[in-house]
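Observations on the model geometry
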Amino acid sequence: MNGSMVGKVFTNRYQVTERIGIGGMAEVYRAQDLVLGRMVAVKVMLPQYAADEEFTKRFRQEAASAANLSSPYIVNVYDWGQDDGTYYIVMEYVRGSDLKTAIKQRGAINQRKVAEIGAQVCQALSVAHNQDIIHRDIKPQNIMVQPDGNVKVMDFGIARAKNSMHGETNAVLGTAHYISPEQAQGKELTAASDIYSLGVVLYEASTGKLPFEGPDSVSVATKQVQELPVPPSQVNPDINPALESIIMKALEKDPTNRFETVGDMKHALNDFLAGRAVNLDEGVGVAAGTAATEALVRNSGPLYDNTTVMQGVNYGQQQGVYSDQPRTYLAEEEDENRGGAGRTAAIVLAILAALALIGAAAYFLLGNGAASSSSSSSSSSTQSSSSQVSVPDVAGKTVEEATALLEQAGLKVASTHETTDDTYPAGQVVRTDPAVGAGIAPGTAVTLYVSSGKEQVSVPDLSGNDGNGAKQLIEAAGLKAHEGASEHSDSVEEGKVIRPEPEAGAMVDAGSTVTYILSPGSDKVEVPDVMGKSEAEA
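The shown structure was predicted, so the numbers you read here are calculated from the model rather than taken from an experiment.

Parameters and conventions
Counting from 1, residues in each chain are numbered in the order their sequence is written. Reporting in this predicted model follows two pLDDT cut-offs: at least 70 for local features of residues, and 80 or more for side-chain atom pairs to be given and counted; totals over whole chains, interfaces and linings ignore these cut-offs and use all residues. Excluding hydrogens and water, the side-chain figures rest on all heavy atoms present in the structure. By definition, any uninterrupted DSSP run of H or I lasting at least four residues is a helix, any uninterrupted run of E lasting at least two residues is a strand, and each is numbered from the N terminus. Polar contact is the term for a pair of N or O atoms within 3.5 Å; when the atoms are in protein, one must be able to donate a hydrogen and the other to accept it, and sequence-neighboring residues count only if both atoms are side-chain atoms. A fitted line through C-alpha atoms represents every axis, and for helices the fit uses only the stretch in contact; the resulting angles, taken between N-to-C directions, go from 0 to 180 degrees. Angle categories are assigned with fixed cut-offs, so that under 35 degrees is roughly parallel, over 145 is roughly antiparallel, 65 to 115 is roughly perpendicular, and the rest are oblique. The crossing is said to be left-handed when, going from far helix to near helix, the turn is anticlockwise and less than a right angle, and right-handed when the turn is clockwise. Contacts are assigned to residue pairs with any non-hydrogen atoms lying within 4.5 Å of each other. Classification convention: Asp, Glu, Lys, Arg as charged; Ala, Val, Leu, Ile, Met, Phe, Trp, Tyr, Cys, Pro as nonpolar; all other residues, Gly among them, as polar. Between any two strands, pairing holds if DSSP finds at least two bridges. One side-chain nitrogen of Lys or Arg within 4 Å of one carboxyl oxygen of Asp or Glu is enough to make a salt bridge. Exposure classes here rest on a 1.4 Å probe applied to the protein chains alone. A residue is buried below 20% of its type maximum, exposed above 50%, and partly exposed in between. Whether a set of points on the 1 Å grid over the protein atoms alone is a cavity depends on a 1.4 Å probe fitting there but being unable to get out, while an open set qualifies as a pocket with protein on both sides within 12 Å along at least five of seven lines; lining residues are those with an atom within 4 Å of a point. Grid points are joined across faces, edges and corners, and a volume is the space filled by probe spheres set on the points. Two aromatic rings from Phe, Tyr or Trp, using only the six-membered ring of Trp, form a pair when their centres are within 6.5 Å; if the ring planes differ by under 30 degrees the pair is stacked, by over 60 it is edge-to-face, and anything between is tilted. We call a charge positioned above a ring when the Lys NZ or Arg CZ atom is no farther than 6 Å from the ring centre and deviates by at most 35 degrees from the ring normal. Buried Ala, Val, Leu, Ile, Met, Phe, Trp, Tyr and Cys residues that are joined via side-chain atoms within 4.5 Å together make up what is termed a nonpolar core. pLDDT measures the predictor's confidence residue by residue and takes values from 0 up to 100.

Tracing the sequence through the fold places Ser245 in helix H9 (residues 241–250). A distance of 2.6 Å separates a polar atom in the side chain of Ser245 from the backbone oxygen of Ala242.

Printed below as a string of structure tokens:
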């Protein structure tokens, strides 16, 4: 399957215009919904999987799972079907780029932006987890960053409703660099597995590096089970300790030591963004990576960031299986002195424990400063959780109307941000953050996202193009192409575009129609030479 899919119309409705991506199971195309006149994304199952009953079942399950999820931070699924043996899913077309591309281009991302992305992904996952749906494949490739900076989580292709699980399996679905230890071992998954994967994403976004790398998927999965990550601050010294503590808590090997819910993780990230003290349970692994430093000299092997199927990694077996293999990811001298490194780690941990005791003594002796502030914050958090209010639905309201409704609910408006939207006219609220129905403390400030109208795009310059070229340029700009009545031209040759209507460079609504006018050539004829001819002949 390749570019030949371009031009195909699925079920007489979705016309494919171009391929925009390919994943482990499917290709993704941009297409035009001929009924509603909007741009959509169509995910088409690769032909080698279409005959596999298990994969087609999972493909259909993606549509069913995602279609039931409603959040401004989740890519909407509109439709799915089968056309001549080809399975497809129709999704919201999201403009922007995936987070992986941004990390590759920029390296470490601004840590406030990292926390904002993390909080929005938590919001998306909370919707799924509330319906007993675990994503199972959270990675930056599945997080789309839109032009307004907000994100949308996509690809619930290997998500499975927890309630539908009838037994455990050793088949591991996921991407080795981002899967949790329990997922690598083929164990039954919980929401904590998505928290771990999000922790890996935030680690990579804030440092520009993955916590675990290796020459192949199995070696990376083994590290997820057996090794501890180097603290992000050792990779990026500028990272804030509070953000680092959040990331390391999410990366705890034991699921019970991670955040209890993605909602708890979101609150911690919001506390960091608001400049409040971030209070986490004891045992957060900020220093845990110290003992693992000797086990994490990064290899320059290839990245395996496609979703793959692997056998579960058994902790005890893997030590035996790999004990006689060359440890290409370990420095040679470190490999010879692992006992010394272990003793050093024990000493370091003992020192850290002593420092923790000193800190606790200071807390009780001083009773003020940061410790007092932290206690106060924790107390107020406990109070607010017992009297939470639900964020009202203000979509479609003006800012003034939305503000009044929020104030009636005991909330206030933090700020307003403009965003393009095809549904709500300019001036109406599109969504809120936190989202509708979220339970938050009275007095919490809510951000309003207000429509600036439909997205505007520029009509392309069609000069020198024939009809096919003009159509491709117009559709690539997110517009619909229409061939108008031809006009004779003395300056434009036959078959070429004279002009588009509206004119090139004009700003129009995305998805609107642009008419291109073709030239049949000049209508002028050459005057014959009639000198010397009779009148009748002339």
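Where helix H4 (residues 111–129) meets helix H6 (residues 191–207), the axes come as close as 11 Å, and the angle between the chain directions of the two elements is 165 degrees. It follows that H4 is roughly antiparallel to H6 by the angle criterion. Here H4 runs over H6; the crossing is right-handed. Touching Val114, Gly118, Val121, Cys122, Leu125 and His129 of H4 are Ala191, Asp194, Leu198, Leu202, Ala205 and Ser206, all from H6. Of the residues belonging to the contact of H4 with H6, the class tally is eight nonpolar, three polar and one charged.

Turning our attention to the sheet that holds strand E3 (residues 26–33). Overall, antiparallel pairing links the six strands, which are arranged E1-E2-E3-E4-E6-E5 in an open sheet. The strands lining the two open edges of the sheet, one partner per strand, are strand E1 (9–10) and strand E5 (77–83). Direction of pairing for E1 relative to strand E2 (residues 14–22): antiparallel, over a ladder of two bridges. Across the sheet, residue Val9 finds its bridge partner in E2, namely Gln15.

This paragraph deals with the pattern of salt bridges. One pass over the full model with this rule turns up 14 salt bridges. Measuring nitrogen to oxygen at the nearest pair gives 3.6 Å for the salt bridge that ties Arg431 to Asp148. Taken together, the positions of Arg431 in strand E16 (residues 429–433) and Asp148 in the loop between strand E9 (143–145) and strand E10 (151–153) put the pair 283 residues apart, joining distant regions of the chain. Relative accessible area serves as the criterion here: at 14%, Arg431 is assigned to the buried category. The partner of Asp271 in a salt bridge is Arg276, with the nearest N and O atoms 2.8 Å apart. Among the charged side chains, a network of salt bridges with common partners joins Arg13, Asp33 and Arg38.

Here we come to the layout of surface pockets. Quantified by volume, the second largest pocket comes out at close to 1,300 Å³. Considering the residues around the second largest pocket, the lining is formed by 39 residues, among which Glu92, Lys152, Thr420, Asp421 and Asp422 are closest to the centre. Elements represented by at least two residues in the lining of the second largest pocket include exactly strand E4 (38–45), H4 and E16. Of the residues forming the lining of the second largest pocket, the biggest block, three residues, is contributed by E16. Class assignment for the residues of the lining of the second largest pocket results in 15 nonpolar, 13 polar and eleven charged.

To continue, consider the packing of aromatic side chains. Taken as a whole and assessed by the stated rule, the structure comprises two aromatic pairs. Among the aromatic residues, those joined into a ring-pair cluster are Phe10, Tyr14 and Tyr88. Between Arg38 and the ring centre of Tyr78, over which it is positioned, the NZ or CZ distance is 3.8 Å. Above the ring of Tyr449, the side-chain terminus of Arg431 is found at 4.4 Å from the ring centroid.

So, about empty space enclosed by the protein. Applying the stated rule across the entire model yields one cavity of 30 Å³ or more. Within this model, the largest cavity holds a volume of roughly 40 Å³. Every residue lining the largest cavity is counted, ten residues in all, and those nearest its centre are Ala66, Val75, Val77, Met154 and Asp155. Among the residues making up the lining of the largest cavity, the classes are represented as eight nonpolar, no polar and two charged.

Turning our attention to the environment of Gln183. In this structure, Gln183 sits in helix H5 (residues 181–184). Considering only alpha carbons, one finds Gln183 and Asp194, eleven residues apart in sequence, at a separation of 10.0 Å.

Leu99, Val121, Leu198, Ile246, Met265 and Leu269 are the most contacted members of the largest nonpolar core, which has 70 residues in total. When near neighbours in sequence (up to four residues on either side) are disregarded, Met265 contacts Cys122, Ile195, Leu198, Leu202, Ile246, Ala250 and Phe259. If you look at the next biggest cluster of nonpolar residues, it comprises 13 residues, including Ala470, Ile474, Ala506 and Tyr516.

Moving on, we come to the environment of Ile74. Looking at where Ile74 falls in the secondary structure, it is placed in the loop between helix H2 (53–67) and E5. Owing to a relative accessible area of 0%, Ile74 belongs among the buried residues under this scheme. In this structure, the C-alpha to C-alpha distance between Ile74 and Val127, residues 53 residues apart in sequence, is 9.1 Å. Setting aside its immediate chain neighbours within four residues, Ile74 contacts Leu69, Glu92, Ala124, Val127, Lys152, Val153 and Phe156.

As a further point, take the sheet that holds strand E7 (residues 97–98). Spatial ordering of the open sheet is given by E7-E9-E10, a layout of three strands whose pairing is antiparallel. With partners counted over all chains shown, the strands left at the sheet margins are E7 and E10, one partner each. With two bridges connecting them, E7 and E9 associate as antiparallel partners. Each bridged residue has a counterpart across the sheet, and for Ser97 the counterpart in E9 is Val145.

Time to look at the confidence of the model for the chain. Confidence in the prediction for the chain averages 76 pLDDT; 75% of positions are at 70 or higher. Low pLDDT, under 50, characterises residues 161–172; the stretch is placed with 27 contacts to residues that sit more than four places away or in other chains. Counting interchain partners and residues more than four positions distant, the pLDDT-below-50 stretch residues 282–305 has 60 contacts.

Residue placement: Ala250 occurs in helix H9. A C-alpha to C-alpha distance of 5.1 Å links Ala250 and Tyr196, two positions 54 residues apart in sequence. Discounting residues that sit within four places of it in the chain, Ala250 has contacts with Ile195, Tyr196, Gly199, Arg258, Phe259 and Met265.

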